[in-house]
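Single-letter residue listing:
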Amino acid sequence: MERIEQIKTFLNDTPKDTFLNYALATEYVAMAKDSEARTIFEKLLLEKPDYSATYYHLGKLYERQEEDQLAEETYEKGLEVTKRLGEKHAHGELRGAYEELTF
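Residues numbered from 1 in each chain as written. Predicted model: local features only at pLDDT ≥ 70, side-chain atom pairs only at ≥ 80, totals over all residues. Heavy atoms only, no water.

**Q** I'd love a proper account of the overall build of the protein chain, names of residues and values included.
**A** Secondary structure summary: the protein chain contains 6 helices and 0 strands in total. Counting from the amino terminus, helix and strand elements in the protein chain follow one another as α-α-α-α-α-α. Taking 103 residues into account, the globule formula puts the C-alpha radius of gyration at 13 Å, and the protein chain, at 14 Å, falls close to it. By its C-alpha atoms, the protein chain is 40 × 30 × 20 Å across when sized along the principal axes. Out of the 103 residues in the protein chain, the part that is buried amounts to 38%. When contacts within the protein chain are restricted to residue pairs at least 6 apart in sequence, long-range pairs at least 24 apart make up 40% of them. (Helix = DSSP H or I, 4+ residues; strand = E, 2+ residues; numbered from the N terminus. Rg over C-alpha atoms; globule rule 2.2 N^0.38 Å. Buried < 20%, exposed > 50% of the residue type's maximum accessible area, 1.4 Å probe, protein only. Contact = heavy atoms within 4.5 Å.)

Below, the structure is given as structure tokens:
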């Protein structure tokens, strides 16, 4: 909980900071607060669609919530983004998650 409060303090100064919002969402995931994490991840994708790390974590969250269609769509979009940006490592992680879900 201390880390969440610390991140929120930083966000008071820079509320649009992509990394801080992402970090807050991942902290919520670690605490099984999926609803809070989902809200932040979905907002990040709308505001910063090229922030590729979001696709993997949001896809996994959708899977946990048994929303496989949303997870699949999220992975597919993330694969497009990482390919376009040349992010090979992120692309490989998304491909693995996508294949695990769909095969």
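What follows continues from the structure just given.
**Q** Just give me the short version of unusual backbone geometry, but keep the residues and values in it.
**A** You will see that Ala32, though not glycine, has its phi angle at about 60°, which is positive. Here Ala32 lies in the loop between α2 (18–30) and α3 (34–47). At Glu66, a position not held by glycine, the phi torsion is positive, near 60°.

**Q** Can you break down the packing of α3 against helix α4 (residues 53–64) residue by residue, with the values?
**A** Think of two packed helices as two axes; the pair is described by the angle between the axes and how far apart they sit. Here α3 crosses α4 at 140°, and the two axes come no closer than 10 Å. If you check the angle between α3 and α4, you find them oblique. Helix-helix and strand crossings are classified by hand; for α3 and α4 the assignment is left-handed. Where α3 approaches α4, its residues Asp34, Ala37, Arg38, Phe41, Glu42, Leu44 and Leu45 are matched on the opposing element by Thr54, Tyr55, His57, Leu58, Leu61, Tyr62 and Arg64. Taken together, the residues that form the contact of α3 with α4 break down as 8 nonpolar, 2 polar and 4 charged. (Axes fitted to C-alpha atoms, helices over the stretch in contact; angles between N-to-C directions. Parallel < 35°, antiparallel > 145°, perpendicular 65-115°, else oblique. Left-handed = near helix turned anticlockwise from the far one by under 90°. Nonpolar A, V, L, I, M, F, W, Y, C, P; charged D, E, K, R; others polar.)

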